[in-house]
Amino acid sequence: KNQVEQSPQSLIILEGKNCTLQCNYTVSPFSNLRWYKQDTGRGPVSLTIMTFSENTKSNGRYTATLDADTKQSSLHITASQLSDSASYICVVSDRGSTLGRLYFGRGTQLTVWP
Amino acid sequence: EAGVAQSPRYKIIEKRQSVAFWCNPISGHATLYWYQQILGQGPKLLIQFQNNGVVDDSQLPKDRFSAERLKGVDSTLKIQPAKLEDSAVYLCASSLIRGLVYEQFFGPGTRLTVL
């Protein structure tokens, strides 16, 4: 069964600290993995997209890693800010085209305290 | 570049009533998606259009949900009649190919509360 599991479910950190969010998937075949940030009351916004051949990709203070062999990904946030408070969703696609099905994780709810 | 537009942003109805949501995708995006996101969960695909044709509606509860995309641009999603369990955020997204992958852009969503 194709699934995407995220951990932890929720996380609270202090402003300025780093954190790492985890994503494990069983989707096969695998085309690409995406991390989205979803602020409360807003739609998800793409942070990174990685294909099979990429094992790391950065977007500012966000760095995603991918291990396609173990089917694991992580999202590392450096020097957290209050605006990083959001839900972070891991999404795996089984094909590169629009015919591909996207499998969504439940998300990790991150809260950054001052 | 204007984003995906959705309306209304919020809707409160009683069970057994009908409701409709509207989505205007980013100009030029041929693919349009409707998702249902229940609180605390990731989005679940309801229907996917390629231009005005349906690509995937396998998870759409067709006894009460319907969607159309006239002329391959705007789309409407209708629920008739609504149930309590339909309370959720309904997200519309459109996609564009960037490099080797299709990137999705989401609208702000419509929050539906069924009483």
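One can find the structure itself at the top, above this paragraph.
Criteria and thresholds
Residues numbered from 1 in each chain as written. Chains lettered and ligands numbered in written order. Predicted model: local features only at pLDDT ≥ 70, side-chain atom pairs only at ≥ 80, totals over all residues. Heavy atoms only, no water. Salt bridge = Lys/Arg side-chain N within 4 Å of Asp/Glu carboxyl O. Buried < 20%, exposed > 50% of the residue type's maximum accessible area, 1.4 Å probe, protein only. Helix = DSSP H or I, 4+ residues; strand = E, 2+ residues; numbered from the N terminus. Pairing = 2+ DSSP bridges. Axes fitted to C-alpha atoms, helices over the stretch in contact; angles between N-to-C directions. Contact = heavy atoms within 4.5 Å.

A. Structural context of the pattern of salt bridges. Inspection of the entire model under this criterion finds six salt bridges over all chains. Of the charged contacts, one joins A:Glu54 and A:Lys57 as a salt bridge, the two residues approaching to 3.0 Å between their closest N and O atoms. Relative accessible area serves as the criterion here: at 25%, A:Glu54 is assigned to the partly exposed category. Here A:Lys57 falls in the partly exposed class, since its relative accessible area comes to 28%. In this structure, the salt-bridge partner of A:Arg101 is B:Asp56, at a minimum N-O distance of 3.0 Å. Here the residue A:Arg101 occupies a position in the loop between β9 (86-93) and β10 (102-104), and B:Asp56 occupies one in strand β6 (residues 53-56), the pair thus bridging two chains.

B. Main features of the sheet that holds strand β1 (residues 4-7) of chain A. Residue and element names in this part refer to chain A. Here we have five strands laid out as an open sheet, ordered β1-β3-β8-β7-β6, and antiparallel in their pairing. Pairing within the sheet leaves two strands with one partner each, and these edge strands are β1 and β6 (56-59). In this sheet, adjacent strand axes meet at a mean angle of 15 degrees when their direction is disregarded. By the bridge criterion, six bridges tie strand β3 (residues 19-25) to strand β8 (residues 72-77) in an arrangement that is antiparallel. Bridging across to β8, Gln 22 finds its partner in Ser 74.

C. Quick peek at the environment of A:Asp84. All names here are of chain A. Inspection of the secondary structure puts Asp 84 in the loop between β8 and β9. Here Asp 84 falls in the buried class, since its relative accessible area comes to 1%. Distance in space between the C-alpha atoms of Asp 84 and Lys 37 is 8.6 Å, their sequence separation being 47 residues. Ignoring anything within four residues of it in the chain, the contact list for Asp 84 reads Lys 37, Arg 61, Tyr 62, Ile 77, Leu 110 and Val 112.

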